[in-house]
Amino acid sequence: MSEEEQFGSTKSENQENMDDENVPRETFKVPEPKNQVDIEREQEAKLKAKYGLKKPGGGSALLQKRLQKGAKYFDSGDYNMAKAKMNNPKHPLAPKEKLLLQESIGGAIPTPSEVEHMRRPSQIASKLVSEGEGALLQ
Amino acid sequence: MAGNGGEIQWCFSQVKGTIEEDITEADIISCVEFNNNGELLATGDKGGRVVIFQRDGKGNPQYSGARGEYNVYSTFQSHEPEFDYLKSLEIEEKINKIRWLKRSNPANFLLSTNDKTIKLWKVTERDKRPEGYNLKDDSGILRDPSSITTLRVPSFKPMELLIEASPRRIFANAHTYHINSISVNSDQETYLSADDLRINLWHLEVTNQSFNIVDIKPANMEELTEVITAAEFHPTECNLFVYSSSKGTIRLCDMREQALCDKHAKLFEEPEDPTNRSFFSEIISSISDVKFSHNGRYMVTRDYLSVKVWDLHMDSKPIETFQVHEFLRSKLCSLYENDCIFDKFECAWSGNDRHLMTGSYNNFFRMFDRDTKRDVTLEASRENTKPKTVLKPRKVCSGGKRKKEEISVDCLDFNRKILHSAWHPQENILAVAATNNLYLFSSKD
């Protein structure tokens, strides 16, 4: 969480009961749906203010991210279109989409030797195995 | 030890792993799973390694520990990083899930999976070795034939216990998308694997074929609105399984009905007023985990802010809802910005199905008692490691006046999240993965 964010004291109407230790807390009082949505909409407004979202649905970025961890391009035309989309000042992209595109375009065509993960079999044992300071001595 | 009439008093038991300033990515634990009798505990990490711990002191009267501790039994490299040359994509070696098979012979079997490949591992113990061969001596060096004057009969002699793990089956190339779940059927012969859009059924003996039983991929990918987030077989009914979605629904499917289970037998969905929706509604309703209760009558689901218990006989709404960290609702904007809103938390049942547990941020985890309706927040920390000391409940203050000992929402460490945890199948023992450390907690008595 960035520390620059100033979170004004949000008057949350469904604040958890700050009871004494002796009183059993009723945490299963499910907050009123109306109040929940109000809070969410406040947050939505915050997000809109920052990034000016055009689509109300949050699903698309999420699904894209999950399914396309790294996009494929049909040909160079496709690739250039994506690149143009990223740099178009007339239609600025939401940060999520920008990030997705950036990941897929990259600066160079990766070769196995350059890809970070292509180190050969890790023979390094898991640190859970070493008894060091981990285990409790009884 | 399970099901004592009152509340459970949790105490620190053990912690595994090292304290590091800069955590090595490969050490981050990505799954935790007890085997069927709780004697073994397996963990998988981002580096593709599996570590199995075994409970010591079982039935040993001379054991001085209060109860069995878990110590390293075996460790092996399950998956390696791979590269899909066709798609120019790397395949991570991170172990997404581990599931144990029920033990039917001296060996132990487990299934471990990364994004694309599932492997069946056999873990065996060897405590004898053959000695007294004629043609070679005990170190393996060939004997000079002319020096052999008598024949001897080789026999088995005891040796230091050796644990060996070997991959027995590799189930590959059946998933286009990333595998998020595997679940062994109660028949112990088949299992399912689920990715974002499809669920496949495998037979443990067959690696070159698998049946596709659920396919939610639309003809036109532009029409895609939801993905599969988790799937599990019913613990006793071998024909039933459930899968959860990113839209907060759970579908129960019956394999007896038809080969392709695209049409659900039951759809579990909590009704929502369409006017009460926001940009975040769908994202936070995405179910990250679904687990059947041990008795098979209920299931629990975890979405971003809550844990819900469903009765399999009632699909209209959950029978219980517990708030995990409601105070985060007013922080959704920043949680979306730092991607935390997409974190996938797991949940677990206690052995007697009375309690639930799930993780949160700041190394906090939440325990819910379904009977008394009480809940508690505990922390996985090295601060209090005195044995037999009951963990102190933690409290988060969401605004207004902060009491002493409470922690403010803005001070929570969102990088220390408890996503993976497991509850011993019978006893009150918890295994909690806190990034690169594994904590074990047990109840006081």
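Up top you'll find the structure we're talking about.
All of these numbers come straight from a predicted model, not from anything done at the bench.

## Brief notes about the overall build of chain A
- Summing up its helical and strand segments, chain A has 4 helices and 0 strands in all.
- Reading chain A from its N terminus to its C terminus gives the helix and strand order α-α-α-α.
- Put simply, chain A has 138 residues, and 25% of those count as buried.
- Total accessible area on chain A is roughly 9,900 Å²; 54% of this is exposed by carbon and sulfur atoms.

## Remarks on the pattern of salt bridges
- In total, this model carries 33 salt bridges over all chains according to the counting rule given.
- Put simply, R329 of chain B and E40 of chain A hold a salt bridge, and the shortest N to O gap is 2.4 Å. With one member in each of two chains, R329 of chain B in the loop between β23 (320-323) and α2 (332-337) and E40 of chain A in helix α1 (residues 33-51) form a pair that bridges those chains.
- Across the salt bridge formed by D343 of chain B and K417 of chain B, the nearest N and O atoms sit 2.9 Å from each other. Remark: K417 of chain B occurs in the loop between β29 (407-408) and β30 (420-423) and D343 of chain B occurs in the loop between α2 and β24 (347-349); sequence separation between them is 74 residues.

## Description of the packing of aromatic side chains
Residue and element names in this part refer to chain B.
- Applying the stated criterion across every chain, the model contains 21 aromatic pairs over all chains.
- Both rings, one in F322 and one in F368, keep their centres 5.0 Å apart while their planes meet at 25°; by these two values the pair is stacked. Remark: F368 occurs in strand β26 (residues 364-369) and F322 occurs in strand β23; sequence separation between them is 46 residues. Taken as a pair, F322 and F368 share a single burial class, namely buried.
- Judged by centre distance (5.9 Å) and plane angle (5°), the rings of Y439 and F441 are stacked.
- By relative accessible area, which is 4% here, Y439 ends up buried.
- On the basis of relative accessible area, F441 is assigned to the buried category, the value being 1%.
- In this structure an aromatic cluster arises from ring pairing among F12, F365, Y439 and F441.
- It is K136 that lies over the ring of Y133; its NZ or CZ is 5.1 Å from the centre.
- Above the plane of the ring of Y298 lies R370, whose end atom (NZ or CZ) is 5.0 Å from the centre.

## Regarding the environment of E326 of chain B
Residue and element names in this part refer to chain B.
- Relative to the assigned elements, E326 resides in the loop between β23 and α2.
- For E326, a relative accessible area of 6% gives the class buried.
- On a C-alpha basis, the gap between E326 and D303 in space is 12 Å, while along the polypeptide they are 23 residues apart.
- In terms of polar contacts, E326 uses its side chain to reach the side chain of R329, at 2.6 Å.

## So, the sheet that holds strand β27 (residues 375-379) of chain B
Residues and elements named next belong to chain B.
- Here 4 strands make up an open sheet; going across it, the order is β24-β25-β26-β27 and the pairing antiparallel. Edge positions in the sheet fall to β24 and β27, since each of these pairs with one other strand and no more. Pairs of neighbouring strands in the sheet enclose a mean axial angle of 20°, with direction left out of account.
- With 5 bridges joining them, strand β25 (residues 355-359) and β26 adopt antiparallel strand pairing. Paired with M357 across the two strands is M367, which belongs to β26.

## Thoughts on the environment of E25 of chain B
Residue and element names in this part refer to chain B.
- Here E25 lies in the loop between β1 (10-16) and β2 (29-34).
- Judged by relative accessible area, E25 falls into the exposed class, the value being 52%.
- The spatial distance from the C-alpha of E25 to the C-alpha of T435 is 9.4 Å, given a sequence separation of 410 residues.
- A polar contact is formed between the side chain of E25 and the side chain of K46, at a distance of 3.0 Å.

## Considerations on the pairing of strand β20 (residues 289-292) of chain B
Residues and elements named next belong to chain B.
- Residues D289 and K291 of β20 are buried on one face, and the alternating residues V290 and F292, pointing to the opposite face, are buried as well.
- Both β20 and strand β21 (residues 298-302) contribute to a ladder of 4 bridges, which runs antiparallel. Residue D289 lies in a different strand from β21, and its bridge partner there is R302.

Here is what the cut-offs are and how they apply
Residues numbered from 1 in each chain as written. Chains lettered and ligands numbered in written order. Predicted model: local features only at pLDDT ≥ 70, side-chain atom pairs only at ≥ 80, totals over all residues. Heavy atoms only, no water. Helix = DSSP H or I, 4+ residues; strand = E, 2+ residues; numbered from the N terminus. Buried < 20%, exposed > 50% of the residue type's maximum accessible area, 1.4 Å probe, protein only. Areas by Shrake-Rupley, 256 points an atom, 1.4 Å probe, with all protein chains shown as cover. Salt bridge = Lys/Arg side-chain N within 4 Å of Asp/Glu carboxyl O. Phe/Tyr/Trp six-rings, centres within 6.5 Å; stacked < 30°, edge-to-face > 60°. Lys NZ or Arg CZ within 6 Å of the ring centre and 35° of its normal. Polar contact = N/O pair within 3.5 Å; in protein donor to acceptor, adjacent residues only side chain to side chain. Pairing = 2+ DSSP bridges. Axes fitted to C-alpha atoms, helices over the stretch in contact; angles between N-to-C directions.

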